[in-house]
Amino acid sequence: MATYKTQIQWGGPNAEWHDDTDLTIVINNRAGVVPNTGMPGTGTQVTWSSPQGNGSITFFEDGNLFSGSAQFKGEGPVGYRGTLKP
């Protein structure tokens, strides 16, 4: 399981970033993609879609950071990034 402090960005690539709600990820199948006791490896990509919104992110620096985009219910698409919480 990995929990990230997240930020969103709207208004273009040079716009300010704004704090958002934490993101917690656990993905298990035959092997732990994001195991209960670890983080996703560099290059791991996660995409989701639900009635509450969708997103697509890629992890960097051994799972300590992610970057991508998200779109939440009733809102336009935004830049989306996160830093692993201690």
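Residues numbered from 1 in each chain as written. Predicted model: local features only at pLDDT ≥ 70, side-chain atom pairs only at ≥ 80, totals over all residues. Heavy atoms only, no water.

(A) Seen up close, the overall build of the chain. Tallying secondary structure elements over the chain gives zero helices and nine strands in all. Put simply, the chain runs from its N terminus to its C terminus through helices and strands in the order β-β-β-β-β-β-β-β-β. Expressed as a percentage of its 86 residues, the buried residues of the chain come to 29%. (Helix = DSSP H or I, 4+ residues; strand = E, 2+ residues; numbered from the N terminus. Buried < 20%, exposed > 50% of the residue type's maximum accessible area, 1.4 Å probe, protein only.)

(B) Focus on the environment of Ala15. Locating Ala15 in the fold gives a position in the loop between strand E1 (2-9) and strand E2 (17-19). Sequence separation between Ala15 and Gly79 is 64 residues; the distance between their C-alpha atoms is 9.8 Å. Residue contacts for Ala15: discarding those within four places in its chain leaves Gln9 and Trp10. (Contact = heavy atoms within 4.5 Å.)

(C) View of the pairing of E1. In terms of burial, E1 is a largely internal element, six of the eight residues being buried. With six bridges joining them, E1 and strand E9 (residues 77-84) adopt antiparallel strand pairing. Bridging from a neighbouring strand, Lys5 pairs with Thr83 of E9. Two elements, E1 and E2, share three bridges in a ladder whose sense is antiparallel. Across the sheet, residue Gln7 finds its bridge partner in E2, namely Asp19. (Pairing = 2+ DSSP bridges.)

(D) Fine view of the nonpolar core. Core analysis: the biggest nonpolar cluster contains 12 residues, these being Ala2, Tyr4, Ile8, Leu23, Ile25, Val46, Ile57, Phe59, Phe66, Ala70, Val78 and Tyr80. Looking at this core, the elements that each hand over two or more residues are E1, strand E3 (23-25), strand E7 (53-60), strand E8 (65-72) and E9. Counting residues per element, this core draws most heavily on E1, at three residues. (Core = buried A, V, L, I, M, F, W, Y, C linked by side-chain atoms within 4.5 Å.)

(E) The arrangement of unusual backbone geometry in detail. Backbone geometry at Glu61 places phi at a positive 50 degrees, although glycine is not the residue there. With a phi angle near 55 degrees, Asp62 is a residue other than glycine that sits in the positive phi range. Mapped onto the secondary structure, Asp62 falls in the loop between E7 and E8. Take Asp62: its relative accessible area is 58%, and that puts it in the exposed class.

(F) Inspection of the pattern of salt bridges at higher detail. Within the structure shown, the criterion is met by two salt bridges. Between Lys5 and Asp19 there is a salt bridge, with the nearest N and O atoms lying 2.9 Å from each other. Placement of the pair is Lys5 in strand E1 and Asp19 in strand E2, with a sequence separation of 14 residues. (Salt bridge = Lys/Arg side-chain N within 4 Å of Asp/Glu carboxyl O.)

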